[in-house]
Amino acid sequence: MTLPVEALFLVDLMSTFAPYLLVTLSLNLEYGYTGVPDFGKTLAVAGGAFLVGYLPGRLLMQLLGVGLGLSYVEHNAEIVTKINEFLRVNVPLSMAVLALTLALAMVVGAALGFLVSHPAIRLREISLAMVFLAAGEALVVIGHNYPELAGGTLGIGVPDVFAWAGEYRFPMVTAFMIAVVVAVFIYLYLLTKSPLGRLLRAVRDDENAALALGKDVTKVRIKVITLASAITALGGALYAIYTGSVIAAAYQKVSWTFWPWVMVILGGTANNVGVVLGTFVFVTVRKLIIFYKDAFAPYVPFDVVWLDMLLLGVALILILLYRPEGLIPEKPIKTVAVRRVTAALKLREPGIKG
Amino acid sequence: MFIEPIYKDALVFSSLLSLLSLGLTLTFLTTRIPNFAHGCFATVGIYVALTVHKVFKADIYYGLPLAFLLTGFLALLQYLVVLKPLSRRRASVITLMVATIALELILLAVLNIYADYLARTFKISSRYFQLRGADFQLAGERGLLFVAPSLVAITTLLLHLALTKTKFGVAMRATIENPDLASALGINADLVYKVSWFLAGGLAGLAGGLLPLWFIGNPDTGDYMLVSIFAASVTGGLFSIYGGLFGGFFVGFVEVLGTGKLALSVGTWIIPYRPIIPLLAMVITLLIAPRGITGIMVSRVRFKWIRVWRWTG
């Protein structure tokens with residue numbers, strides 16, 4: 001039995017949507033709530049993906065005694081096929097490897113974020129953005145040229161921890177990714193609603209006021225960058241597990257830094273629901289263009305991919321000019337005290353709206 | 001006379017890079033916008049050169065004025081239609097930066113479409129091309145080896161004369177120092193901004209128009225160079241007009257010679273890591289001297305003056 005075309009399209013859509021959502025939600029935490037312009041999302045995404053390319057294959061090689069003495073990179077396809085035979089029948093081992101990989105990807109992401117945040121944190125706005133951008137680019141250049149890490153220019157195959165799902169492999173991975181995203185969303189939703197969320201907005205809006213209230217602004221920024229990078233790396237790792245391969249050339253600043261920025265600004269900064277909507281709209285429009293690409297192709301004398309890029313650029317400028325607050329704007333926080341005061345005001349004067 | 005080819009590469013690359021980073025610094029200084037679309041301006045120049053040479057069969061140097069004007073007006077248009085309305089609404093630097101990223105995507109798409117159009121309509125190779133054969137020969141060397149550095153020298157001289165000897169140049173410096181005060185004195189700050197965007201675009205177009213004579217041109221060449229351009233501007237100092245020129249030479253030489261010399265001493269495996277060199281130069285500069293090389297001395301002088309002023313006042 002094979003899945004219908006619509007279901008395949010939906011799986012494809014959700015499998016792109018889910019990892020991007022992890023990147024955009026974490027970017028929203030950094031830029032939307034705390035005001036840190038992280039233009040190096042590629043760094044953590046590639047960090048997570050490179051870990052998936054580097055570690056699980058080598059680990060399982062030793063564990064299962066497959067292809068011992070062979071180079072993992074040179075005999076990649078052969079070794080991965082053999083490992084997959086073991087993984088297909090051993091579900092607990094697959095799940096254990098998955099859990100370990102994701103946990104380590106988050107650690108790698110957090111470490112990268114922590115490392116970059118230290119020199120970067122002394123700088124402001126443009127310089128800060130530049131350091132982030134530089135760090136992301138540098139990691140991708142290394143991944144591209146150092147084959148041991150992620151197969152260099154040829155890329156590297158990854159052991160399939162979802163091989164046991166058979167022909168439902170792709171829907172199964174997608175469902176797992178969505179479960180992870182939902183968990184992260186709930187966590188970030190509660191985090192940004194808590195007093196900590198208000199501290200983040202204070203750091204963004206008035207650093208001096210936050211300092212005067214005894215908050216260590218630098219430490220807050222470093223923690224936020226570290227946390228956000230861990231979440232971003234999770235996205236990169238999940239995407240690599242889904243596609244089953246890692247290639248450094250796929251981690252360009254346009255697709256993993258600029259696009260997430262477009263998604264966040266489209267949806268509305270400092271609003272998690274808005275960011276979900278923005279990411280969904282962006283990914284859907286792109287997928288639809290790619291889906292109907294062949295229908296366009298005879299009418300235009302160029303590759304349709306460029307039309308897609310052109311539309312994205314124009315859409316972003318129109319949003320910035322006419323709806324800078326995004327699809328769903330930031331909302332004031334309704335703390336208990338605020339709610340009580342507005343309720344009291346409503347009781348006294350029915351004309352005032354809370 | 002024999003010069004190692006690597007020094008020629010470094011000289012030409014640095015000259016073109018400094019023209020590009022001069023423009024980037026100029027628009028940042030005047031309007032406080034870090035322009036991510038700047039690399040694509042150079043690519044526009046590259047395709048003007050290709051069109052002039054292959055479609056109109058003319059000498060590539062005749063295309064330069066056209067490249068200057070076209071990219072100049074393109075930059076002006078970008079400023080007037082998108083960036084000026086945004087900055088009038090007091091958009092943050094980051095918002096403006098995102099807007100220029102959007103413009104970069106648009107330009108990149110248009111350039112790719114144009115490359116496809118050239119390839120399909122005129123049957124010319126419009127990707128990964130170079131036009132080395134189109135250059136003239138002088139003293140056994142390719143013409144660009146003399147043209148590129150002279151162009152930088154002439155630009156520097158004209159810029160210096162304009163900034164120090166003409167009324168508009170003085171107005172420009174005043175606007176950079178303090179836009180509000182300059183406007184209060186009746187200086188047309190908006191005109192200064194327009195001129196700086198036009199000049200920045202034009203210079204990028206010139207550099208791009210010359211680029212395929214020495215290096216390989218592709219729709220993403222300018223975008224690929226963007227990192228080097230930013231690195232050059234930041235290293236030279238984003239807060240001084242001459243920072244861009246100086247940084248271009250510094251980063252260009254470090255990038256080309258550094259890679260070449262390291263390849264000789266540690267091995268050729270280092271060559272693909274070339275893009276990391278300008279990034280390192282930029283990050284180190286930002287950490288040690290956030291205002292760049294040209295900012296070091298200026299900030300010290302200012303610091304002294306503040307101390308003097310504190311003692312006396």
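The structure displayed is predicted, hence computed values, not measured ones.

Looking at this structure, I do not really get the overall build of chain B. What am I missing?
Within chain B one finds twelve helices and two strands. Sequence-ordered secondary structure for chain B, helices as α and strands as β, is α-α-α-α-β-β-α-α-α-α-α-α-α-α. For 313 residues, the compact-globule estimate of 2.2 N^0.38 gives 20 Å, and the C-alpha radius of gyration of chain B, at 20 Å, lies within 12% of that figure. Projected onto the principal axes, the alpha-carbon positions of chain B cover approximately 70 × 50 × 35 Å. Here chain B, with 313 residues, has 56% of them falling under the buried criterion. Expressed as a percentage of contacts within chain B between residues at least 6 apart in sequence, the contacts between residues at least 24 apart total 77%. The averaged location of the 13 negative side-chain charges in chain B is 9 Å from the averaged location of its 25 positive side-chain charges.

Can you walk me through the layout of surface pockets in this structure?
One way to see where empty space is left: roll a probe the size of a water molecule over the atoms. As a volume, the largest pocket reaches approximately 1,600 Å³. Lining the largest pocket are 49 residues, with D220(B), T221(B), Y224(B), M225(B) and P275(B) sitting closest to its centre. Among the elements of the structure, α5 (125–145), α11 (253–267) and α14 (304–322) of chain A together with α1 (5–31), α4 (93–122), α9 (221–236), α10 (241–266) and α11 (276–288) of chain B are those that each provide at least two residues to the lining of the largest pocket. Ranked by residues supplied to the lining of the largest pocket, first place goes to α9(B) with six residues. The residue inventory of the lining of the largest pocket, partitioned by class, reads 28 nonpolar, ten polar and eleven charged.

When you look at the interface of chain A and chain B in this model, what are you seeing that I'm missing?
One frequent convention defines the size of an interface as the accessible area lost when the parts assemble. Counting from both sides, the interface comprises 39 residues of chain A and, opposite them, 43 residues of chain B. One can count three residue pairs in polar contact (both at pLDDT 80 or more) joining chain A with chain B. In terms of residue count, α5(A) provides more of the side of chain A that touches chain B than any other element does, 13 residues in total. Partitioning the side of chain A that touches chain B into residue classes produces 31 nonpolar, three polar and five charged.

How do you make sense of the packing of α1(B) against α9(B) when you look at a structure like this?
For any two helices packed against each other, one specifies the crossing angle of their axes together with the interaxial distance. All names here are of chain B. Two elements in contact, α1 and α9, have axes whose closest approach is 9 Å; the angle formed by their N-to-C orientations is 70 degrees. Classified by the interaxial angle, the pair formed by α1 and α9 is roughly perpendicular. Listed contacts from α9 to F13, L17, L20, S21, L24 and T25 of α1 are M225, S228, I229, F230, A232 and S233. Looking at the contact of α1 with α9 residue by residue, the class counts come to eight nonpolar, four polar and no charged.

What exactly am I supposed to notice about empty space enclosed by the protein here?
Evaluated as defined, the whole model comprises three cavities of 30 Å³ or more. Of the voids in this model, the largest cavity is the one considered here, and its volume is about 50 Å³. Lining the largest cavity are M130(A), L133(A), A134(A), L226(B), V227(B), F230(B), L279(B) and M282(B). When residues of the lining of the largest cavity are traced back to their parent elements, those giving at least two are α5 of chain A together with α9 and α11 of chain B. A class-by-class count of the residues in the lining of the largest cavity yields eight nonpolar, no polar and no charged.

How do you make sense of the nonpolar core when you look at a structure like this?
Proteins that are soluble and globular tend to have nonpolar side chains buried together. By size, the foremost hydrophobic cluster in this structure holds 206 residues, and its most contacted members are F39(A), V246(A), Y251(A), F36(B) and L83(B). At 18 residues, α4(B) tops the list of elements feeding residues into this core. Among residues more than four places away in sequence, those in contact with F39(A) are A129(A), F132(A), L133(A), T257(A), F258(A), W261(A), I94(B), M97(B), V98(B) and I101(B).

Please clarify how the environment of G39(B) should be interpreted in this entry.
All names here are of chain B. Within the secondary structure, G39 sits in helix α2 (residues 38–55). Separated by 19 residues in sequence, G39 and L20 have C-alpha atoms that sit 7.8 Å apart. Residue contacts for G39: discarding those within four places in its chain leaves G222, D223, L226 and I229.

Which parts of the structure should I look at to understand the side chain of S14(B)?
Residues and elements named next belong to chain B. Tracing the backbone shows S14 in helix α1. Side-chain polar atoms of S14 contact the backbone nitrogen of F253, separated by 3.3 Å. With near-sequence residues (within four places) excluded, S14 lies in contact with G248, F249, G252 and F253.

Calculation rules
Residues numbered from 1 in each chain as written. Chains lettered and ligands numbered in written order. Predicted model: local features only at pLDDT ≥ 70, side-chain atom pairs only at ≥ 80, totals over all residues. Heavy atoms only, no water. Helix = DSSP H or I, 4+ residues; strand = E, 2+ residues; numbered from the N terminus. Rg over C-alpha atoms; globule rule 2.2 N^0.38 Å. Buried < 20%, exposed > 50% of the residue type's maximum accessible area, 1.4 Å probe, protein only. Contact = heavy atoms within 4.5 Å. Lys, Arg positive; Asp, Glu negative; His and termini not counted. Charge placed at Lys NZ, Arg CZ, Asp CG, Glu CD. 1 Å grid on protein atoms, 1.4 Å probe; cavity = no way out; pocket = protein on both sides within 12 Å on 5 of 7 lines; lining within 4 Å. Points joined across faces, edges and corners; volume = space filled by probe spheres on them. Nonpolar A, V, L, I, M, F, W, Y, C, P; charged D, E, K, R; others polar. Polar contact = N/O pair within 3.5 Å; in protein donor to acceptor, adjacent residues only side chain to side chain. Axes fitted to C-alpha atoms, helices over the stretch in contact; angles between N-to-C directions. Parallel < 35°, antiparallel > 145°, perpendicular 65-115°, else oblique. Core = buried A, V, L, I, M, F, W, Y, C linked by side-chain atoms within 4.5 Å.

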